[in-house]
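# Chains, contacts and geometry: an overview
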Amino acid sequence: RNPPVVNTRANALIAARAAARAVGADNVLRDFPPSTAGEDFSFMLQKVPGAYVWVGIGPGLEGSLHHNPRYDFNDDALATGAAYWASLVETELPG
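Residues numbered from 1 in each chain as written. Predicted model: local features only at pLDDT ≥ 70, side-chain atom pairs only at ≥ 80, totals over all residues. Heavy atoms only, no water.

### Some points on helix α1 (residues 9-23)
Here α1 contains 15 residues, and its C-alpha end-to-end distance of 21 Å stays within 8% of the 21 Å for a straight helix at 1.5 Å per residue. All of the buried residues along α1 are Ile14, Ala15, Ala16, Ala18 and Ala19. In this fold, the buried residues of α1 make contact with α3 (77-92). Phi turns positive, to about 90°, at Gly24, one or two residues after α1. (Helix = DSSP H or I, 4+ residues; strand = E, 2+ residues; numbered from the N terminus. Expected span 1.5 Å × (residues − 1). Buried < 20%, exposed > 50% of the residue type's maximum accessible area, 1.4 Å probe, protein only. Contact = heavy atoms within 4.5 Å.)

### Overview of a nonpolar patch on the surface
There is a patch of nonpolar side chains on the surface, built from Leu29, Phe32 and Trp54 and spanning about 400 Å² of accessible area. With respect to the element layout, Leu29 can be found in the loop between α1 and α2 (41-47). Take Leu29: its relative accessible area is 63%, and that puts it in the exposed class. (Patch = residues over 30% accessible without salt bridge, like charges linked within 9 Å, V, L, I, M, F, W, Y side chains within 5 Å. Areas by Shrake-Rupley, 256 points an atom, 1.4 Å probe, with all protein chains shown as cover. Salt bridge = Lys/Arg side-chain N within 4 Å of Asp/Glu carboxyl O.)

### Describing the layout of surface pockets
In this structure, the largest pocket occupies an estimated 1,700 Å³ of space. Residue lining of the largest pocket: 40 residues in total, with Phe32, Tyr52, Val53, Trp54 and Val55 positioned closest to the centre. Counting only elements with at least two residues in the lining of the largest pocket, the list comes to α1 and α3. A per-element tally of the lining of the largest pocket places α1 first, with eight residues. Within the lining of the largest pocket, the residues separate by chemical class into 26 nonpolar, 10 polar and four charged. Approximately 250 Å³ is the volume attributed to the second largest pocket. Going through the elements one at a time, α1, α2 and α3 are the ones with two or more residues in the lining of the second largest pocket. Per element, the largest residue contribution to the lining of the second largest pocket is four residues, and it comes from α3. (1 Å grid on protein atoms, 1.4 Å probe; cavity = no way out; pocket = protein on both sides within 12 Å on 5 of 7 lines; lining within 4 Å. Points joined across faces, edges and corners; volume = space filled by probe spheres on them. Nonpolar A, V, L, I, M, F, W, Y, C, P; charged D, E, K, R; others polar.)

Rendered as structure tokens:
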């Protein structure tokens with residue numbers, strides 16, 4: 001049983017700023033209803049401050065989501081994910 005994922009506020013703000021630089025502030029969603037899905041990242045957040053983020057890749061075939069054998073990964077999302085991580089690194093590891 002996984003505990004809830006609880007982002008650290010400071011880290012969530014850092015993640016949101018990096019995402020806004022990567023894809024534009026209008027494309028960053030910060031308020032969603034809580035999810036009851038299990039995520040083992042929660043164990044890491046109990047030990048180290050951080051933020052769990054989603055890169056919007058859309059549903060798969062016929063609406064199948066992740067962890068479904070019919071899910072078809074959107075390869076176009078790779079560039080968005082790379083832009084986010086590059087933005088985060090450039091912000092947090094200057095020099």
